[in-house]
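So you can see what is in the structure, the chains are spelled out below.
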Amino acid sequence: MTDSVTAQAGAFILPPSIVTRVDLSRMVSELERVDNDMTSAGVRAKTGGESSAMPTMSEQLTDFIAQNKLDLTDGRGRGDLIRQLRQLKDDAPVIHMTFASVADGDSLRQLSAWLRSSIHPQALISVGLQPALIGGVYLRTPNHIKDLSMRARLTGGRELITKELEALRGSR
Amino acid sequence: MGIFQHKAQAPLDEADAQLPQLFDHLMREELRQHGKEYFERTIAANADQFKKDLDTLVAQIGTELREQIVTKLDKQIAEYGEAMKDAQYLALQSLNRSQHALQDRYDQLSKQLDGEFIEYSSALKNAQAKALGSLDTQATAMQAKHDELSAQLDIHFTQYGEDLKKAQETALDSLGKNAQTMQEQYADFKARLEQKIGTQEATIISGFESNMASIIEHYLIGALGDQYDVKAQLPAIIAELEANKKDIMDDMRL
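What counts as what
Residues numbered from 1 in each chain as written. Chains lettered and ligands numbered in written order. Predicted model: local features only at pLDDT ≥ 70, side-chain atom pairs only at ≥ 80, totals over all residues. Heavy atoms only, no water. Helix = DSSP H or I, 4+ residues; strand = E, 2+ residues; numbered from the N terminus. Buried < 20%, exposed > 50% of the residue type's maximum accessible area, 1.4 Å probe, protein only. Contact = heavy atoms within 4.5 Å. Pairing = 2+ DSSP bridges. Right-handed = clockwise from strand over helix to strand, strands pointing away. Salt bridge = Lys/Arg side-chain N within 4 Å of Asp/Glu carboxyl O. Polar contact = N/O pair within 3.5 Å; in protein donor to acceptor, adjacent residues only side chain to side chain. Nonpolar A, V, L, I, M, F, W, Y, C, P; charged D, E, K, R; others polar. pLDDT = per-residue confidence, 0-100. Patch = residues over 30% accessible without salt bridge, like charges linked within 9 Å, V, L, I, M, F, W, Y side chains within 5 Å. Areas by Shrake-Rupley, 256 points an atom, 1.4 Å probe, with all protein chains shown as cover. Core = buried A, V, L, I, M, F, W, Y, C linked by side-chain atoms within 4.5 Å. Axes fitted to C-alpha atoms, helices over the stretch in contact; angles between N-to-C directions. Parallel < 35°, antiparallel > 145°, perpendicular 65-115°, else oblique. Left-handed = near helix turned anticlockwise from the far one by under 90°.

## A short note on the environment of A:Leu111
Its location among the elements puts A:Leu111 in helix H5 (residues 105-118). Taking relative accessible area as the criterion, A:Leu111 reaches 0% and is therefore assigned buried. Considered as a pair, A:Leu111 and A:Ile125 are 14 residues apart in the sequence and their alpha carbons are 8.7 Å apart. Here A:Leu111 is in contact with A:Met97, A:Phe99, A:Ile125, B:Leu234, B:Ile237, B:Ile238 and B:Leu241, once residues within four sequence places are set aside.

This is the structure:
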């Protein structure tokens, strides 16, 4: 059962609006609320009450359901989906990205789209802020660190300045 | 009674009988008025007469009083004049006596001063003569001493000049030697200083060059800290990620 849940969770397509693990957690919570609302509505319909319409959902959840062609009318299917999404939240690979300034949502969505198309289809981003980087990004994958910042480039260029100064002194 | 009922009345009785009719109310009033005017005229005439008499009397009293006062004042002034003359006479006598006494005292003191002055003059002349004699003696002795000291000083000066000349020559020799030594030391010190300065300069330049990169980096971090937003850098960041794509994928597979 757990393996099948994991296998199904690995097949989900995440919409670009879900960038971080917090976004995914928020979507799972929302799906739980929708499940509760729809279960309550089903019970009321069976007891002769008014059957309410589909509960309102956020853009993220709507995109996720549409992209994965999911059907939320079945109560058991909703429960499975919630379990699979919880599994996805725990297993999805997270890449930490530290920037020199605050990253806007649009940029994060573009980066997340690139990561999912190039690296992993369910990759999530953890965002950090470090002004001393000046520019670029400080990347931390599960096992490695890649300093692609301007600070690292300047550090690498120190020898160049020293050589230039030595050359200047020699010519004097 | 009945007998004298129709008796003719006497004129006086008749007058008495008619009196009340004559002196009726108006008549009495007229008489009173007439008497009043008469009384006022009499009073006015007497008052004028009394006033004239009074004025005459007052004028007479004033004249007599003035004459009496003038007479009394003249008498008293004459008495005061006599007293003043007596007092002046007495004062003049007293002043004359004092003047005579002072003149006598002055003459006495003048005589005494003349005597003392003559005595002092003779004593002073004697003392002056003695002092002059003593001064001549001392001057002669001083001249002899002066001649002797001059001779001694000439000898000493000659000797001192010779000694000074020798010391000057010795000092000049020493100074020349010292100057030569100083010159040599200066040259040595200059050479060592230049060598030391060169070494320090090389050290400083070397340190400066090695720290220059850190200084520039620190400056750039301070100056450009949060100047670039992520959106502007996004193409460059994605290019970097593309360049490192393989490493990242390998790491994700681990």
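Picking up where we left off.
## As for the pairing of strand E2 (residues 124-129) of chain A
Residues and elements named next belong to chain A. Sheet topology places strand E1 (residues 94-99) next to E2; six bridges connect them, and they run parallel. Bridge pairing in E2 links Val94 to Leu124. Tracing the backbone out of E1, into H5 and back to the parallel element E2 gives a crossover that is right-handed.

## Describing the interface of chain A and chain B
The partner chain B presents 32 residues to the 41 residues of chain A that form the contact. Put simply, chain A and chain B have three salt bridges between them. A salt bridge links B:Glu240 to A:Arg153, with the shortest nitrogen-to-oxygen separation between them at 2.4 Å. Inspection of the chain A/chain B interface yields seven residue pairs in polar contact (both at pLDDT 80 or more). Secondary-structure elements contributing two or more residues to the side of chain A that touches chain B are E1, H5, strand E3 (136-140), strand E4 (145-149), helix H6 (150-156) and helix H7 (158-171) of chain A. Among the residues forming the side of chain A that touches chain B, the class breakdown is 21 nonpolar, eleven polar and nine charged.

## A closer look at the confidence of the model for chain B
Reading fine detail from the predicted coordinates is not recommended where pLDDT is low. A residue-level look at chain B finds 92% of positions with pLDDT of 70 or above and a mean pLDDT of 87. Per-element confidence in chain B ranges from a low mean pLDDT of 75 for helix H1 (residues 11-22) of chain B to a high of 90 for helix H2 (residues 25-224) of chain B.

## As for a nonpolar patch on the surface
All names here are of chain B. On the surface, a nonpolar cluster with roughly 430 Å² of combined accessible area is contributed by Leu19, Leu22, Phe23, Met27 and Leu31. At the level of secondary structure, the elements contributing two or more residues to the nonpolar patch comprise H1 and H2. Along the chain, Leu31 turns up in helix H2. Leu31 sits in the partly exposed class, given a relative accessible area of 43%.

## Side note on the pairing of E3(A)
Residues and elements named next belong to chain A. One ladder, built from four bridges, connects E1 with E3; its direction is antiparallel. Across the sheet, the residue bridging to Phe99 is Val137, located in E3. Bridge analysis of E3 against E4 gives five bridges, and the strand direction is antiparallel. If you follow Arg140 over to E4, its bridge partner there is Ile145. Connecting the antiparallel pair E3 and E4 is a turn made up of four residues.

## Side note on the nonpolar core
The biggest cluster of nonpolar side chains holds 22 residues, and the ones touching the most others in it are A:Met97, A:Phe99, A:Leu111, A:Leu115 and B:Leu241. Contributions of two or more residues to this core are made by E1, H5 and E3 of chain A together with helix H3 (230-243) and helix H4 (245-253) of chain B. Element by element, the count of residues in this core is highest for H3(B), at five residues. Counting 20 residues, the second largest nonpolar core, distinct from the first, contains A:Leu24, A:Met38, A:Leu72 and A:Ala92.

## Observations regarding the packing of helix H2 (residues 21-46) of chain A against helix H4 (residues 75-91) of chain A
Residues and elements named next belong to chain A. Contact pair H2 / H4: the axes reach a minimum separation of 10 Å and the direction vectors enclose 165°. When the axes of H2 and H4 are compared, the pair comes out roughly antiparallel. Where H2 crosses over H4, the handedness of that crossing is left-handed. Every residue of H4 that contacts H2 at Arg21, Leu24, Ser25, Met27, Val28, Leu31, Glu32, Asp35, Met38 and Thr39 is listed here: Gly75, Arg78, Leu81, Ile82, Leu85, Arg86, Leu88, Lys89 and Asp90.

## So, the packing of H5(A) against H3(B)
Two numbers describe a pair of packed helices, the interaxial angle and the distance between the axes. At a closest axis distance of 10 Å, the pairing of H5(A) and H3(B) adopts a crossing angle of 15°. The orientation of H5(A) relative to H3(B) falls into the category roughly parallel. The interaxial crossing formed by H5(A) with H3(B) has right-handed handedness. Of H3(B), the residues touching H5(A) (which contributes A:Asp106, A:Ser107, A:Gln110, A:Leu111, A:Trp114 and A:Ser118) are B:Val230, B:Lys231, B:Leu234, B:Ile237, B:Ile238, B:Leu241 and B:Glu242. Tallied by class, residues from the contact of H5(A) with H3(B) come to seven nonpolar, three polar and three charged.

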